4 protein chains.
Amino acid sequence: MTKVMNVAMIGGGFMGKAHAMAYASMPMFFWPAPAIPHRKVVVDVTDGMAEEARERYGFEEASSDWRAVVNRPDIDVVDICTPNNVHAEIAIEAAKAGKHIICEKPLARTVEEARAMRDAAKAAGIFHMVAFNYRRTPAVALARKYIEEGRIGRILNFRGTYLQDWSADPDSPLSWRFQKKIAGSGSVGDIATHVVDLAHYLVGPIAEVNALTTTYNKTRPLQQGGIDKLGAAEKATDAERGEVDVDDEVVSMLKFEGGAIGSLEATRNAYGRNNFITLEIHGTKGSIHFNYERRDELQVMFADDPGDARGFRTIYTGPAHPYGNGLWPIPGLGIGYSETKIVECYDFFSAIVKNRQPSPNFEDGLLTELVADALIRSGETGQWEKVG
Amino acid sequence: MTKVMNVAMIGGGFMGKAHAMAYASMPMFFWPAPAIPHRKVVVDVTDGMAEEARERYGFEEASSDWRAVVNRPDIDVVDICTPNNVHAEIAIEAAKAGKHIICEKPLARTVEEARAMRDAAKAAGIFHMVAFNYRRTPAVALARKYIEEGRIGRILNFRGTYLQDWSADPDSPLSWRFQKKIAGSGSVGDIATHVVDLAHYLVGPIAEVNALTTTYNKTRPLQQGGIDKLGAAEKATDAERGEVDVDDEVVSMLKFEGGAIGSLEATRNAYGRNNFITLEIHGTKGSIHFNYERRDELQVMFADDPGDARGFRTIYTGPAHPYGNGLWPIPGLGIGYSETKIVECYDFFSAIVKNRQPSPNFEDGLLTELVADALIRSGETGQWEKVG
Amino acid sequence: MTKVMNVAMIGGGFMGKAHAMAYASMPMFFWPAPAIPHRKVVVDVTDGMAEEARERYGFEEASSDWRAVVNRPDIDVVDICTPNNVHAEIAIEAAKAGKHIICEKPLARTVEEARAMRDAAKAAGIFHMVAFNYRRTPAVALARKYIEEGRIGRILNFRGTYLQDWSADPDSPLSWRFQKKIAGSGSVGDIATHVVDLAHYLVGPIAEVNALTTTYNKTRPLQQGGIDKLGAAEKATDAERGEVDVDDEVVSMLKFEGGAIGSLEATRNAYGRNNFITLEIHGTKGSIHFNYERRDELQVMFADDPGDARGFRTIYTGPAHPYGNGLWPIPGLGIGYSETKIVECYDFFSAIVKNRQPSPNFEDGLLTELVADALIRSGETGQWEKVG
Amino acid sequence: MTKVMNVAMIGGGFMGKAHAMAYASMPMFFWPAPAIPHRKVVVDVTDGMAEEARERYGFEEASSDWRAVVNRPDIDVVDICTPNNVHAEIAIEAAKAGKHIICEKPLARTVEEARAMRDAAKAAGIFHMVAFNYRRTPAVALARKYIEEGRIGRILNFRGTYLQDWSADPDSPLSWRFQKKIAGSGSVGDIATHVVDLAHYLVGPIAEVNALTTTYNKTRPLQQGGIDKLGAAEKATDAERGEVDVDDEVVSMLKFEGGAIGSLEATRNAYGRNNFITLEIHGTKGSIHFNYERRDELQVMFADDPGDARGFRTIYTGPAHPYGNGLWPIPGLGIGYSETKIVECYDFFSAIVKNRQPSPNFEDGLLTELVADALIRSGETGQWEKVG
């Protein structure tokens, strides 16, 4: 029988849904499974919300007391799906209780919080992961494989974007994502960190940044209830408005420790771009292009192809590619957000049962926070800023 | 509390995995859920296989005796995920036992089987569905919405393809999909029926066909164990070979009852095409294009757009589109095969609790079989053949 | 000094413009040029029109008497850019006069005309070409190169379309292209023949067809003046209407002499498709895809690529590809309609100076007419019809 | 009769070819033509080269003495198609002689040269143009039209790239484009200036830049003969190597005078990118995307489209768009490099005969040089640098 591990999930919103689906589905896909995650307890703000989440997400128990839950001896894994402002408190408590932790991204609001989380996790000797799920896309993992095998050569250049428009309308609500005290930062923490994580995964550590940050929409309608509905939120043109105190766009140049240069851009004001995460990497032996909106595909160009047949190949990922043994038996059947979260879940439990630290872990998450911090600093100084 | 319905799933292969994932995930996505499908019993060929499927797919019980299971009083829904050759027998038994049925496509090997299934289901007064999941893709449902709202005008033309290459290599194994006695037919039943279902969904009934069928690879290596691994199967160049007695390509012209004309093509020999289901529909007021390999997107052109701004729009489906309330909060987060199956599950249980026949049901499935039969007949006669 | 050859061009419309540009530009691109085409005389319907064409297109002389012109001893080449109804008469006269001929496509209105033209040309021992320019696109020529070198293997399947919408609006004018007595046929002769020519070029002779033809728009506003403005014509909702007596859509299945099967479709009612000529070819070793709307690119897939790097390559044509020595020094600088016509002009004069029959010549043009004729017959009989 | 203007073209390389084609073709396309450019004299380095250029490009006379030619009374227009190092000298002489001038881009090697040219032109009261042809692409002109009509709203963001790979191979030759004394700069002057010109055309003046410049390939094989063959050059792995003293990549952040921000990147080391000029512009009412490698198309998204039909439209330019009256009668027939140069020629002569300064003229070209200069300065200082 496969080992069963009890999960306590804190937070029942958009991310709770994604994680619950992954717990249920992971062993169905990756079999034999590293472990069977058991949906033991779900925690939400009120008892009523928690009970609803329990029924909806198929957990055994519900609670509104996260502290009690993370200290229960029968819990093996704590899953933090809350807004950013309570990541640190919960994670540190869970670490002290000796639980393995998977925490939604970004790891924290600030470098200080992230460092405290990392320290607590390290001290506790637990396994820990930050849920940057986009690197779990098979096409991104394939890009990493090509790079590791030297098929792209030495990397010269990285170009990453994360463009969205769900809040481009100035009358879309002031969710917690626009409030510094909850989110820590705006487009930097929420979406640019995904690009930073991908850059770290594929190219290596970023050493210096030189950034431009801005806030186009300086007020937004106050949102009743505080639920984070992203693009599914109603416009509220008549509501009272509150201040946006975070950035909604960041552009930056990058210098990598390994010598490559590059750029990143993240914005929530790009009408027509939905979840437009793109990567382009140029090396001495070829190039890679990826667009998450067409995530079944990786584009790769090998410079040593015959002269009359050189060009980007469009590779649809499937059984011949990373995670292909667990996902679908034909390329093009379809990689969705679900599949990325199922892979994430698989990698997390695989690492635990193999007694290896998952990746990206809190150390990696801290590095990403250091880059985010440098981006914000550089946005203020207008200078190149070193990471860390 | 949401109503819980007990599911017995027969078959633990590729489709069993997809269905089990959907049962677990559907209420997480569509909440309040129409019902909570409880994974009660899974049936596979041997007790060992069934027990493994139970653990893997999170069912409560396992069995190798489907007949006993479908007659259990505590079962509400029977889910048929087996190869085609036992669809009829199981479905008829389940119908007699008064269970609602979801059956994988194609409904049956022959028109006769399909008719018997339809008759049994009708006589039993149950709800029944054929699992043509591609019409559950939000982009396809959006196409239907545009058409129903008259935004494309009267439909003149339909062009559909289903191109694959997982068995283009003559040395890929002789799975049951290449054996008439199990599959009924080849590319016609396995993949062309998907296109027929989409044509029926979007345009209406096909009245006549004129087809060309062929079999390029007339033998294939015998497969040990019989597991259906599709594109994940190993090549077996040295193995003994068996005969392929089904078609591997069909091209057809179509006449629809409503006056539109069109074409369909399905082949397993299209190197570089993986799960290339494409639809193009031209109407008197616009056009629609869809490619399942980029299933987050629908392309639509409205002829009455301003003269200097006419062209196909690439719509990424999200909250503003069909099923958007249940799926992800931003377009482009990702529709995968999982999401199509979750939507299918939602539509099935929604219909049951609303006391309505789901669609496509066995009546629709029979119509699709009638078209498949006409395609095969026409492939033999070289003539226009009427459907039914 | 490069040999100068005197050209008499009959017809000063859309095609006259394209040909005149090619005469002027060909030696600029392909140098040393096979010959320098001298724009000697242009002929149009009236003296006034001819004089305007002379000035506009840079010819030395103007005339409204094509018969006199084609019999002038100083003319080397006759270029027929008129509507289809006078192709035969002019070509036969020019052949008798011993002139080399380039004739716009389709070669003629009927098989009889085409045969008479072929016979006259053959009897006269001249060089002759039909201006199917799309096969001059470097990407199409590259496809042919791959096929000839065996890199795609044996061809199994061909799928070709030519979709347009410039006359999808029922109120776009009744140009000569909708009148049988001038055009011979509708979408069959005007656009399907392009696909037939490409099929012949890439796959080989078509042996049998089984077609469906239709006319959606049965009347159109009478056009004043008769000028053929295609998509640049004004809508005329109030004008008196005349009958359309040709097809505006054809769908057909194809059997090739070499054993491949396939399909073609040509329509003028495909809203959103402008000049959407697509080809897809599947062979035993790979596949090719081409879309003229993105004509700088050829897509090719080689089945023997490594398992983790298989997919269509997008090749931008340039110096490493056919005609690369004459066109632009970097791929992606841009292949337009101009470039296809310049290449056509180069191939025509190259053949003449090398004392070789150009391709496609009147023999090839006749074969294409035979296919067109079979398409129309099959559209009437609903049966497979042999070509020829 | 249309006015005929005599052109003296200096330089018979890649650009000479493109310009000669445009002179011959422009009246064929845009009729009535603003003027008929007469190919009077072509100048090249030696008499032999000039004579060959004369025959090839269809000029009346040849010369190796540009100074004599530009002072001839019968010359109306001087066209400078030489490498960058002699732009200034020729332009100033031609201006003094009172000739209208069209000069290839970039205007000059340095700001000082550009300023001198601007001053000379202004003093002489001539008409003058810099040949930034990419803004002549109909799709780019359409983008400008949308912006001018307010359909995109206030512009927030500009993102431009120019990625090439023709010299990504370290063994491709050391053409003049890699030598500061001839070219002035590398990727900045040669390709980034195109992006700057497009940014100025669509968004307005750039106020400040913050750039990163680098040179990956610091030596290259010496090229015999000095001819500039770009991607058509042979690799020379054994040749003696010379120093590259210019940049081959630039990344920059941008601040526009109007408040928008943005980025640009230009590199010659992007394997798989050929002539990859992309623009993306986000406004308060929509977005625009353009990729020159698919130059027939403009992508535009209007934020006020209905909620269920929002997305980028792919507009194929044709008769309904800028320059549509002169180019081809159907969208998708094909815009190539030729067509952009024909449009450029049309705009140049149109301005002259309408007694208006063309755009971009030497004043605009100087502004672009000022941005180029700021990019290079910023690449050295690592700071934000003001333009001018």
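Treat the numbers as computed from the prediction; the structure is a model and nothing was measured.

Definitions and limits used
- Residues numbered from 1 in each chain as written.
- Chains lettered and ligands numbered in written order.
- Predicted model: local features only at pLDDT ≥ 70, side-chain atom pairs only at ≥ 80, totals over all residues.
- Heavy atoms only, no water.
- Least-squares fit on C-alpha atoms with pLDDT ≥ 70 in both.
- Contact = heavy atoms within 4.5 Å.
- Pairing = 2+ DSSP bridges.
- Helix = DSSP H or I, 4+ residues; strand = E, 2+ residues; numbered from the N terminus.
- Axes fitted to C-alpha atoms, helices over the stretch in contact; angles between N-to-C directions.
- Buried area = accessible area lost by both parts, 1.4 Å probe.
- Salt bridge = Lys/Arg side-chain N within 4 Å of Asp/Glu carboxyl O.
- Polar contact = N/O pair within 3.5 Å; in protein donor to acceptor, adjacent residues only side chain to side chain.
- Nonpolar A, V, L, I, M, F, W, Y, C, P; charged D, E, K, R; others polar.
- Domains from an automatic or database assignment.
- Buried < 20%, exposed > 50% of the residue type's maximum accessible area, 1.4 Å probe, protein only.
- Right-handed = clockwise from strand over helix to strand, strands pointing away.
- UniProt positions renumbered as here; feature names shortened; annotations may be inferred.
- Core = buried A, V, L, I, M, F, W, Y, C linked by side-chain atoms within 4.5 Å.
- Phe/Tyr/Trp six-rings, centres within 6.5 Å; stacked < 30°, edge-to-face > 60°.
- Lys NZ or Arg CZ within 6 Å of the ring centre and 35° of its normal.
- Expected span 1.5 Å × (residues − 1).
- Bend = angle between axes of the 7 residues up to and from the residue.
- Parallel < 35°, antiparallel > 145°, perpendicular 65-115°, else oblique.
- Left-handed = near helix turned anticlockwise from the far one by under 90°.

## Here we look at the relation of the copies chain B and chain A
Under the fitted operation, chain B is carried onto chain A by 0.0 Å of movement along the axis and a turn of 180°, and the coordinates agree to an RMSD of 0.0 Å. On this basis, the relationship between the two copies can be described by a two-fold rotation axis. Of the C-alpha atoms belonging to chain B, the one lying closest to the rotation axis is found on G336 of chain B, 1.8 Å away. Interface overlap between copies: 100% of the residues of chain B at the interface are likewise at the interface in chain A, consistent with a symmetric, same-surface contact.

## Considerations on the sheet that holds strand β4 (residues 77-80) of chain D
All names here are of chain D. Taken in spatial order, the six strands make up an open sheet running β3-β2-β1-β4-β5-β6, and their pairing is parallel. Two strands lie at the open edges of the sheet, namely β3 (61-63) and β6 (128-130), each paired on one side alone. When strand polarity is set aside, the average angle formed by the axes of neighbouring strands in this sheet is 25°. Both strand β1 (residues 4-10) and strand β2 (residues 36-43) contribute to a ladder of seven bridges, which runs parallel. Directly across from V4, in β2, lies its bridge partner I36. Sheet strands in contact with helix α1 (residues 14-29) are β1, β2, β4 and β5 (100-103), and its direction is about 155° off that of β2.

## Let's talk about the interface of chain B and chain A
Tallying the contact residues gives 51 residues for chain B and 51 residues for chain A. Summing both sides of the interface, chain B and chain A together bury roughly 4400 Å²; the carbon and sulfur share of this comes to 59%. Sorting the residues of chain B by area buried against chain A places M28, W31 and E55 of chain B first, and these three jointly supply 17% of that buried surface. Where chain B touches chain A, the interface holds four salt bridges. Among the ionic pairs, R295 of chain B bridges to D296 of chain A, the shortest N-O distance being 3.0 Å. Counting the contacts that link chain B with chain A gives 22 residue pairs in polar contact (both at pLDDT 80 or more). Going through the elements one at a time, α1 (14-29), β2 (36-43), α2 (47-57) and α9 (337-353) of chain B are the ones with two or more residues in the side of chain B that touches chain A. The element contributing the most residues to the side of chain B that touches chain A is α1 of chain B, with ten residues. The residue makeup of the side of chain B that touches chain A, split by class, is 27 nonpolar, eleven polar and 13 charged.

## With respect to the domain arrangement of chain A
All names here are of chain A. In terms of domain boundaries, chain A breaks down into domain 1 (4-130) and domain 2 (134-386). Taken over C-alpha atoms, the centre of domain 1 sits 23 Å from the centre of domain 2. Facing 44 residues of domain 1, the contacting portion of domain 2 comprises 46 residues. Joining domain 1 to domain 2, the criterion identifies four salt bridges. Where E104 meets K341, a salt bridge forms, and the shortest distance between an N and an O atom there is 2.6 Å. On inspection of domain 1 and its partner domain 2, the count reaches eleven residue pairs in polar contact (both at pLDDT 80 or more). Elements supplying a minimum of two residues to the side of domain 1 that touches domain 2: β1 (4-10), α1 (14-29), β5 (100-103), α5 (111-124) and β6 (128-130). Here the side of domain 1 that touches domain 2 gets ten residues from one element, more than from any other, and that element is α1. Of the residues contributing to the side of domain 1 that touches domain 2, the split by class is 31 nonpolar, seven polar and six charged.

## Details of the relation of the copies chain D and chain A
It takes a turn of 180° to lay chain D on chain A, together with a shift of 0.0 Å along the axis; the resulting RMSD is 0.0 Å. Most of the interface of chain D is mirrored in chain A, where 100% of its interface residues again form contacts.

## Some thoughts on the side chain of D190 of chain A
All names here are of chain A. Within the element layout of this structure, D190 appears in helix α8 (residues 187-202). For D190, the side chain forms a polar contact with the side chain of R177, separated by 2.9 Å. Of note is the side chain of D190, whose polar atom sits 2.9 Å from the side chain of R268. Residues in contact with D190, not counting those within four places in the same chain, are K105, W166, R177 and R268.

## Concerning the pairing of strand β4 (residues 77-80) of chain B
All names here are of chain B. Neither face of β4 is exposed, since V77 and D79 on one face and V78 and I80 on the opposite face are all buried. Bridge analysis of β4 against strand β5 (residues 100-103) gives four bridges, and the strand direction is parallel. Note that in β5 the partner of I80 across the bridge is C103. Where the polypeptide runs from β4 across helix α4 (residues 87-96) and back to β5, its parallel neighbour, the crossover connection is right-handed.

## Comments concerning the UniProt feature "domain: Gfo/Idh/MocA-like oxidoreductase N-terminal" (unreviewed entry) in chain A
The UniProt record marks residues 5-131 of chain A with the feature "domain: Gfo/Idh/MocA-like oxidoreductase N-terminal" (unreviewed entry), using the residue numbering of this structure. The span residues 5-131 of chain A shows a helical share of 44% and a strand share of 22%, and its end C-alpha atoms are spaced 18 Å apart.

## Quick notes on the nonpolar core
Buried together is how nonpolar side chains tend to be arranged in soluble globular proteins. Counting residues in each nonpolar core, the largest one holds 219 residues, and the members touching the most others are Y146 and F349 of chain A together with Y146 and F349 of chain B. When residues no more than four places from it in sequence are discounted, the contact partners of Y146 of chain B are R151, I152, I288, L298, V300, F302 and I315 of chain B together with D308 and A309 of chain D. In terms of nonpolar packing, the next biggest core, distinct from the first, is built from 188 residues, M9 and A18 of chain C together with A131 and I315 of chain D among them.

## Topic: the environment of K96 of chain C
In this structure, K96 of chain C sits in helix α4 (residues 87-96). In sequence terms K96 of chain C and Y216 of chain C are 120 residues apart; their C-alpha atoms lie 41 Å from each other.

## Things to note about the interface of chain D and chain A
Between chain D and chain A, the residue contacts involve 40 residues of the former and 40 residues of the latter. Together, the buried faces of chain D and chain A total about 3000 Å²; carbon and sulfur atoms form 60% of this surface. Viewed at the interface, chain A and chain D are joined by four salt bridges. For E265 of chain A, the salt bridge is made with R159 of chain D, and the minimal N-O distance between the two is 2.7 Å. In this structure, the connection of chain D to chain A is made through 14 residue pairs in polar contact (both at pLDDT 80 or more). Those elements giving two or more residues to the side of chain D that touches chain A turn out to be β7 (155-163), β8 (206-214), β11 (249-256), β12 (261-267), β13 (276-283) and β14 (286-291) of chain D.

## A few points about the pattern of salt bridges
What the rule picks out here adds up to 130 salt bridges over all chains. Residue E89 of chain B pairs with R67 of chain B through a salt bridge whose shortest N-O separation is 2.7 Å. Taken as a pair, E89 of chain B in helix α4 and R67 of chain B in helix α3 (residues 66-70) lie far apart in primary sequence, 22 residues in all. Across the salt bridge formed by R72 of chain C and D74 of chain C, the nearest N and O atoms sit 2.8 Å from each other. Salt bridges sharing common partners tie together K105, R177, D190 and R268 of chain A.

## Looking at the packing of aromatic side chains
Per the stated rule, a full pass over the model turns up 57 aromatic pairs over all chains. By way of ring pairs, the aromatic residues F14, Y134, Y162, F290, Y292 and Y337 of chain A together with F29 and W328 of chain B are connected into one cluster. Directly above the ring of F276 of chain C sits R273 of chain C, whose terminal nitrogen or CZ lies 4.1 Å from the centroid. The side chain of R220 of chain D reaches across the aromatic face of F178 of chain D, ending 4.2 Å from its centre.

## Focus: the environment of F302 of chain B
Residue and element names in this part refer to chain B. Structurally, the position occupied by F302 is in strand β15 (residues 297-302). According to the relative accessible area criterion, F302 is buried, its value standing at 7%. In this structure the C-alpha to C-alpha distance between F302 and K235, which are 67 residues apart in sequence, comes to 47 Å.

## Some points on helix α8 (residues 187-202) of chain C
All names here are of chain C. In this model α8 runs 21 Å from its N-terminal to its C-terminal C-alpha over 16 residues, within 8% of the 22 Å that 1.5 Å per residue would give. At T193, α8 is deflected by roughly 40°, the largest bend along its length. Counting buried positions along α8 yields 16 of 16 residues, so the element is predominantly enclosed.

## Concerning the packing of α4 of chain B against helix α5 (residues 111-124) of chain B
All names here are of chain B. Packing of α4 against α5 leaves a shortest axis separation of 9 Å and a crossing angle of 10°. Relative to α5, α4 is oriented roughly parallel. Of α5, the residues touching α4 (which contributes H87, A88, A91, I92 and A95) are E113, A116, M117, A120, A121 and A124. Partitioning the contact of α4 with α5 into residue classes produces nine nonpolar, one polar and one charged.

## Thoughts on helix α1 (residues 14-29) of chain C
All names here are of chain C. Across its 16 residues, α1 extends 22 Å between first and last C-alpha, which sits within 8% of the 22 Å expected from 1.5 Å per residue. Of all the bends in α1, the largest measures some 35° and sits at Y23, one to four residues before the proline P27. In terms of burial, α1 is a largely internal element, 16 of the 16 residues being buried.

## Structural notes on the packing of α1 of chain A against helix α9 (residues 337-353) of chain A
Residues and elements named next belong to chain A. Close contact between α1 and α9 brings their axes to 8 Å; oriented N to C, the two are set at 65°. Judged by the inter-axis angle, α1 sits roughly perpendicular to α9. Taken as a pair, α1 and α9 cross one another with a handedness that is right-handed. Listed contacts from α9 to F14, M15, A18, H19, M21, A22, Y23, S25, M26 and F29 of α1 are Y337, S338, K341, I342, E344, C345, Y346 and F349. The residue makeup of the contact of α1 with α9, split by class, is 13 nonpolar, three polar and two charged.

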